[in-house]
Amino acid sequence: MSAYVIFIKDAEKDASEMAIYAEKASAARGEHPLKPLVFYGDVTALEGPEAEGVVVLEFPDMAAARAWYDSPAYTDARRHRLKGGDYRVLLAEGV
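Residues numbered from 1 in each chain as written. Predicted model: local features only at pLDDT ≥ 70, side-chain atom pairs only at ≥ 80, totals over all residues. Heavy atoms only, no water.

Concerning helix 2 (residues 62–69)
Regarding helix 2, the residues found buried are A64, A65 and W68. Burial along helix 2 is one-sided: seen end-on, the buried residues are contained in an arc of 100°. Buried residues belonging to helix 2 abut strand 1 (3–12), helix 1 (15–28), strand 3 (53–59), helix 3 (72–84) and strand 4 (85–93). At the N-terminal end of helix 2, a side-chain oxygen is found 3.2 Å from the backbone nitrogen of A63, two or three residues along, and the residue is D61. (Buried < 20%, exposed > 50% of the residue type's maximum accessible area, 1.4 Å probe, protein only. Helix = DSSP H or I, 4+ residues; strand = E, 2+ residues; numbered from the N terminus. Arc of directions from axis to C-beta. Contact = heavy atoms within 4.5 Å. Polar contact = N/O pair within 3.5 Å; in protein donor to acceptor, adjacent residues only side chain to side chain.)

As structure tokens, this is what we get:
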């Protein structure tokens, strides 16, 4: 069953950390089977707080999504995202 990692950027705190994150996160894709479905396009909040940006990544299943998220390469990238912005990150199983 497909799984989705959803990033909701609430606020950017440090553009230089976000630039490092972008480079490292791109490299962290490696051989992981992910498919970007949404990548920082226009966002309109229909309910709840506004978001500065949204990313949705599709994976074949929850295990593949966790393998990418917990990988050493993405763990290294993630530390820059945590310094660079306020995000909510969700892992959701598809139907």
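Description of the layout of surface pockets
When its volume is computed, the largest pocket comes out at roughly 330 Å³. Taken together, 15 residues make up the lining of the largest pocket; nearest its centre are Y21, A25, S26, F39 and V55. Sorting the residues of the lining of the largest pocket by element identifies helix 1, strand 2 (35–39) and strand 3 as the ones contributing at least two each. For the lining of the largest pocket, the element with the highest residue contribution is helix 1, accounting for five residues. Split into classes, the residues belonging to the lining of the largest pocket amount to 13 nonpolar, one polar and one charged. (1 Å grid on protein atoms, 1.4 Å probe; cavity = no way out; pocket = protein on both sides within 12 Å on 5 of 7 lines; lining within 4 Å. Points joined across faces, edges and corners; volume = space filled by probe spheres on them. Nonpolar A, V, L, I, M, F, W, Y, C, P; charged D, E, K, R; others polar.)

Points about the environment of Y74
Summarising the element assignment, Y74 is placed in helix 3. Residue Y74 is classed as buried on the basis of its relative accessible area, which comes to 0%. As for Y74 and I20, which are separated by 54 residues in sequence, their C-alpha atoms are 12 Å apart. In this structure, Y74 is in contact with F7, Y21, A25, A28, W68, Y69 and R81, ignoring residues within four places of it in sequence.

Concerning the packing of aromatic side chains
In the structure shown here, the tally under the stated rule is nine aromatic pairs. With a centroid separation of 4.2 Å and 35° between ring planes, the pair formed by W68 and Y74 is classed as tilted. Exposure class is identical for W68 and Y74. Each is buried. For the pair Y69 and Y74, a centre-to-centre distance of 5.6 Å together with 40° between the ring planes defines the contact as tilted. Given the relative accessible area of 22%, Y69 is considered partly exposed. An aromatic cluster is built from F7, Y21, F59, W68, Y69, Y74 and Y87, whose rings are joined through pairwise contacts. Stacked on the ring of Y69, the Lys or Arg R78 has its end atom at 4.3 Å from the ring centre. The side chain of R81 reaches across the aromatic face of Y87, ending 5.2 Å from its centre. (Phe/Tyr/Trp six-rings, centres within 6.5 Å; stacked < 30°, edge-to-face > 60°. Lys NZ or Arg CZ within 6 Å of the ring centre and 35° of its normal.)

Functional significance is not addressed by these values, which are geometric in nature.
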